[in-house]
Amino acid sequence: MSLFTVKQLTKSYPAGKTAVNNLSFELNKGECLGLVGESGCGKSTLARCLLWIESIDSGSIYFKNEAIEQLNERQLHPYRKKIQIVFQNPSAALNPKLKIKDSLIDPYAQYRKELNLSHFSYTSKDAFVKQLLEAVELPSDLANQYPHELSGGQRQRVTIARAISIEPELIVLDEPTASLDVISQGAVLTLLTELRETLNLSYLFISHDLAAVRQMSQRIMVMKEGKLVDQFNCDHLFAEERHPYTKELISIF
Ligand SMILES: Nc1ncnc2c1ncn2[C@@H]1O[C@H](COP(=O)(O)OP(=O)(O)OP(=O)(O)O)[C@@H](O)[C@H]1O
């Protein structure tokens, strides 16, 4: 089943070049779709368009057959709950003045009236936070600490716990391990794979690191200068018909 169907999506910035140029693709429920391309090719712009925090110039984005560009802000509210994002830099994503438990509870507090959780259950704030920390393999005593008291890897686990707290259908992972050391990177990627299976999540996994994208994804899309130049199943990565740019990326990974 298609979760996202994107048709001929174009987005440009005033006085700038076209960041996303006539992009079409589908993202299926339960899959991890990888998006790879060099810095500046338009990956994050595409992510912001899908989250509808950036308007589009033309084209369509369907979420489960509903055209999101036709929804008003009130109609977008339930849509926003179904899609969460994890950014590259967990320090910027967490409020330094809030204890971890207060950051973690934020999405739940925002959407609690509409939530029908099946994996997590809310009995009290402390118990809920404990479940979330356990899900990302963090000790529960981190709940009372502040972001600066945690390591980068721990902080990124907190942002992942926050993203999964309202059991979204899709998480956009925008370079989620780029700020971490190699060991933490591997551990976070393994955790994300386990969470996708346990919580039946779908991912759009954005990275300039083809090796990480290959480890995580079932299908891969390759972007170059705003355009989608290649898309294929992971097991076809080394096939002869790959686009020359994909072959170039393979040669450097
Ligand atoms: N708010 C903005 N205003 C003007 N131009 C922008 C804006 N955001 C992005 N751009 C431009 O759009 C293009 C695509 O940027 P984008 O951040 O989407 O690329 P990216 O592939 O995510 O890069 P990176 O991997 O470095 O994050 C770039 O040329 C960038 O300069």
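Residues numbered from 1 in each chain as written. Predicted model: local features only at pLDDT ≥ 70, side-chain atom pairs only at ≥ 80, totals over all residues. Heavy atoms only, no water.

Draft legend 1. The arrangement of the site of the ligand in detail. Around the ligand sit 13 residues in total, of which Ser 39, Gly 40, Lys 43, Ser 44 and Thr 45 are the nearest. Within the contact set of the ligand, an oxygen atom lies 2.8 Å away from a backbone nitrogen or oxygen of Gly 40. Here Lys 43 contributes a side-chain N or O atom positioned 2.9 Å from an oxygen atom of the ligand. In isolation the ligand exposes 640 Å². Once the protein is present, 60% of that is buried. For the shell around the ligand, the element with the most residues is helix α1 (residues 43-50), which contributes 4 residues. A breakdown of the residues in the shell around the ligand according to their chemical character gives 3 nonpolar, 5 polar and 5 charged. (Near = heavy atom within 4 Å. Polar contact = N/O pair within 3.5 Å; in protein donor to acceptor, adjacent residues only side chain to side chain. Areas by Shrake-Rupley, 256 points an atom, 1.4 Å probe, with all protein chains shown as cover. Helix = DSSP H or I, 4+ residues; strand = E, 2+ residues; numbered from the N terminus. Nonpolar A, V, L, I, M, F, W, Y, C, P; charged D, E, K, R; others polar.)

Draft legend 2. Local environment of helix α2 (residues 73-82). Taken together, the buried positions of α2 are occupied by Leu 76, Tyr 79 and Lys 81. Two or three places before Arg 74, at the opening of α2, Asn 72 has a side-chain oxygen 3.1 Å from that residue's backbone nitrogen. (Buried < 20%, exposed > 50% of the residue type's maximum accessible area, 1.4 Å probe, protein only.)

Draft legend 3. Quick peek at helix α7 (residues 182-199). The end-to-end C-alpha separation of α7 is 26 Å, in line with the 26 Å expected for 18 residues at 1.5 Å each. Among all positions of α7, only Ser 184, Val 188, Leu 189, Leu 191, Leu 192, Leu 195, Arg 196 and Leu 199 are buried. The buried residues of α7 occupy an angular sector of 165° when projected down its axis, which confines them to one face. The outward face of α7, more than 90 degrees from its buried face, is lined by the exposed residues Val 182, Ile 183, Glu 197 and Thr 198. In this structure, the buried residues of α7 make contact with β3 (32-36), α5 (125-135), α6 (152-164), β7 (170-174), β8 (202-207) and α8 (210-216). (Expected span 1.5 Å × (residues − 1). Arc of directions from axis to C-beta. Contact = heavy atoms within 4.5 Å.)

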